[in-house]
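# Residue-level structural notes
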Amino acid sequence: MTNNFRSDDAEPLVDENSSLQSRRSFIKLSSAAALTAFAFGALNPGSLRANDALLGLPVEPLQKAVDLGKGDFGVLNYAYALEQLEAAFYSQVMSTPYSGMTSAERAILTDIRDNEIAHREFFKVALGKKAIPALQVNFTTIDFNSRDSVLNTARTFEDTGISAYNGAGQLLKKGAFLLIAGKIVSVEGRHAAAIRDLLQPNSAYFSGDDVTDPATGLDKARLPAEVLPLVAPYIRTPVTANKLPKPKA
Amino acid sequence: MDNNKPLLETVEPEYISEMTARREPIEKAKLMTGAMATTIVSFGALAGAAYGQNNKLPGKIVDVLNFALTLEYLEDEFYRTALGSSGLIPRDTQDVFGQISKHEVAHVALLRSVLGSKAVAKPNFDFTAGGAFADVFRNYQTFLAVSQAFEDTGVRAYKGQAGNLMKNDKILTTALQIHSVEARHAAMVRRLRGETPWIVGDSRGTLPAPTQAVYNGEGNTSQGGADVAGLPGMNAKIASQAFDEPLTKEQVLAIAGLFIRK
């Protein structure tokens, strides 16, 4: 399975014209390539690509580190990175549906894929020249043929996304950006509830005590420094976020 | 459940610690950790420090919080009444509404604690909306319909007020943390009604006509000047359902006002 996902209808996640792609053709399946990939694997513990390289499978060159930037645009790039991850995940889910996917599940997962692509494509045009490039993802730990693996990964992504938007709102300076983030996060909340209802139907799980504090009725809010380590195993491209705004003390 | 129960009797110490420690100086966080087993009064002092003194909250923020509190009063009393209405909610969805009710109770308590003496009183509600939903506590389908309308309205109401809370990061974040919970509620109730969890266009689906105001404007497909429907792979359906839209305070009060006795 390739890590360079693309949706059925959107542009490639990695720009075909980038220097990465041209460099790629120069990398042969030699011991040198294997060593290089191994080094990447060592830097990125979530990646299993090193094993692929040692087995002689093709390895895509690792992108150079991407920095999210500063200020409101940095926060929006942070959201864009998360939406890229979600869109790539659901695109893969619908490209290789798990066995036994019901028509009801297919309808939900297709809509969620479309919504995440909408979010991704919106950020891409909204950020324009300030947009980070398409990120490479790493889904080697996900079994796309397993309902359990797919739905629990979806649950994790949605709940993490909600907490990320909830924690990032305070970092934005411009009200218009806060409003757009608000328009997206409630849809993520709807996704989370739907996925959770597929996992444990008609129960309290859609807004379970594990994510919604039972004493306060509040969903989690996480700062970027808390969110990025949670998603790092799924993002192959190294991402740095040192210039993002910090919450006021 | 007593609506007047102070927040801090219901709040877990870990939560106060987490919320406050993140934002307060380390010394204060240390103090708190040591104070976990002490009185509610000291939790109250810490919560005051976390949100800003109640009597120093700007009037604009007080107004927003009282607006939110009014909606939470509405939802809270609605679900507690429903859960207390024998035979209304089938056994297999009792857990769903028990969970929603638990959250609305907590939201009322939380907002009241932040507002302190500035909290508005609970209005007198008429959940039949003057007879439009006469069997709301006798007919499960009517109850579900009103529930969906309340939850989808709540999501839009919080979204519309976020910008008015930007001067107080703690309160803004708390409002966002409620907002996403209302979205979870809305999605779940919509599923119970056989609707998509997300709002497609400005469709009220199978809800009765008087609820259309809850969905007006949801068909928007333009965000931040970008025509989302025209982006690669997009169309109007996706562009509308992928983004929820806000309502103004006036729009929300026009909807909620149908359920408030004059």
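Since the structure is predicted, the reported quantities are computational estimates derived from the model, not experimental observations. (Residues numbered from 1 in each chain as written. Chains lettered and ligands numbered in written order. Predicted model: local features only at pLDDT ≥ 70, side-chain atom pairs only at ≥ 80, totals over all residues.)

### Focus: the overall build of chain B
Looking only at helices and strands, chain B features 10 helices and 2 strands. Beginning at the N terminus, the succession of helices and strands in chain B can be written as α-α-α-α-α-α-α-α-β-β-α-α. In chain B, which comprises 262 residues, the proportion classed as buried is 47%. A separation of at least 24 residues holds for 68% of the contacts in chain B among residues at least 6 apart in sequence. (Helix = DSSP H or I, 4+ residues; strand = E, 2+ residues; numbered from the N terminus. Buried ≥ 20, exposed ≤ 12 C-beta atoms within 10 Å, placed from the backbone. Contact = placed C-beta atoms within 7 Å.)

### A word on the overall build of chain A
The helix and strand tally for chain A stands at 8 helices and 2 strands. By residue count, 49% of the 249 residues in chain A fall in the buried class. Expressed as a percentage of contacts within chain A between residues at least 6 apart in sequence, the contacts between residues at least 24 apart total 73%.

### A few points about unusual backbone geometry
Despite not being glycine, A:N202 shows a phi value in the positive range, around 50 degrees. Within the secondary structure layout, A:N202 lies in the loop between α7 (175–199) and α8 (224–231). A count of 17 C-beta atoms within 10 Å places A:N202 in the partly exposed class. For B:A129, which is not glycine, the phi dihedral falls at a positive 50 degrees. Mapped onto the elements of the fold, B:A129 is located in the loop between α6 (94–115) and α7 (140–161). For B:A129, a count of 19 C-beta atoms within 10 Å translates into the label partly exposed.

### Some thoughts on the interface of chain A and chain B
Across the boundary between the two partners, chain A contributes 53 residues, which contact 57 residues of chain B. For the side of chain A that touches chain B, the elements supplying multiple residues, two or more each, are α5 (103–127), α6 (147–168) and α7 of chain A. Among the elements that make up the side of chain A that touches chain B, the one with the highest residue count is α7(A) (17 residues).

### Re the confidence of the model for chain B
Predicted coordinates in areas of low pLDDT are best not read in detail. Scored by pLDDT, chain B comes out at a mean of 85, with 79% of its residues at no less than 70. This stretch, residues 1–46 of chain B, has a pLDDT under 50; its non-local contacts, to residues over four places away or in other chains, come to 54 contacts. (pLDDT = per-residue confidence, 0-100.)

### Describing α8(A)
All names here are of chain A. P224, V227, L228 and V231 are the residues of α8 that are buried. In an axial view of α8, the angular spread of the buried residues amounts to 100 degrees, which keeps them on one side of the axis. More than 90 degrees from the buried face of α8, the exposed residues found are A225 and P229. Contacts from the buried residues of α8 go to α4 (71–95), α6 and β2 (239–240). (Arc of directions from axis to C-beta.)

### So, the environment of B:N216
Residues and elements named next belong to chain B. Tracing the chain through its elements places N216 in the loop between α8 (169–192) and β1 (222–223). Classification of N216 by C-beta neighbours within 10 Å gives exposed; the count is 12. Put simply, N216 and L247 are 31 residues apart on the chain and 9.0 Å apart in space, counted from C-alpha to C-alpha.

### Focus: the packing of α6(A) against α8(A)
Residues and elements named next belong to chain A. Viewed as axis vectors pointing N to C, α6 and α8 meet at an angle of 160 degrees, and their least axial separation amounts to 9 Å. Taken together, α6 and α8 sit at an angle that is classed as roughly antiparallel. As α6 packs across α8, the resulting crossing turns out to be left-handed. Contact residues: α6 offers T160, S163, A164 and A168, while α8 offers P224, V227, L230 and V231. In the contact of α6 with α8, the residues fall into 6 nonpolar, 2 polar and no charged. (Axes fitted to C-alpha atoms, helices over the stretch in contact; angles between N-to-C directions. Parallel < 35°, antiparallel > 145°, perpendicular 65-115°, else oblique. Left-handed = near helix turned anticlockwise from the far one by under 90°. Nonpolar A, V, L, I, M, F, W, Y, C, P; charged D, E, K, R; others polar.)

### Points about α7(A)
In a regular helix each residue adds 1.5 Å, so 25 residues correspond to 36 Å; α7(A) covers 36 Å between its end C-alpha atoms and thus fits that length. Summarising burial for α7(A): 21 of the 25 residues are buried, a large majority. (Expected span 1.5 Å × (residues − 1).)

### Things to note about the confidence of the model for chain A
In the predicted model, chain A carries a mean pLDDT of 84, and the fraction of residues at 70 or more is 77%. Of the regions scoring below 50 in pLDDT, residues 1–50 of chain A engages in 71 contacts with residues more than four places distant in sequence or in other chains.

### Notes on the environment of B:A187
Residue position: B:A187 is located in helix α8. Between the C-alpha atom of B:A187 and that of B:I199, which follows or precedes it by 12 residues, the distance is 9.1 Å. Not counting chain neighbours up to four residues away, the residues in contact with B:A187 comprise A:G189, A:R190, A:A193, A:A194 and B:P197.

### Some remarks on the nonpolar core
Judged by nonpolar contacts, the single largest core of 127 residues is most densely connected at A:A79, A:A81, A:L85, A:A168, A:A181, B:A68 and B:A175. In terms of residue count, α4(A) provides more of this core than any other element does, 14 residues in total. With near-sequence residues (within four places) excluded, A:A81 lies in contact with A:L68, A:I132, A:L135 and A:V239. (Core = buried A, V, L, I, M, F, W, Y, C linked by C-beta atoms within 7 Å.)

### Considering the packing of α4(A) against α5(A)
Helices that pack against each other are described as a pair by the angle of their axes relative to one another and the distance between those axes. Residues and elements named next belong to chain A. Remark: α4 packs on α5, axes separated minimally by 8 Å, with the N-to-C direction vectors making an angle of 145 degrees. In this structure, α4 meets α5 at a crossing whose hand is left-handed. A class-by-class count of the residues in the contact of α4 with α5 yields 13 nonpolar, 5 polar and 6 charged.

### Examining the environment of A:N152
All names here are of chain A. Considering the arrangement of structural elements, one finds N152 in helix α6. A count of 14 C-beta atoms within 10 Å places N152 in the partly exposed class. Taking C-alpha positions, N152 is 13 Å from Y98, a pair spaced 54 residues apart along the chain.

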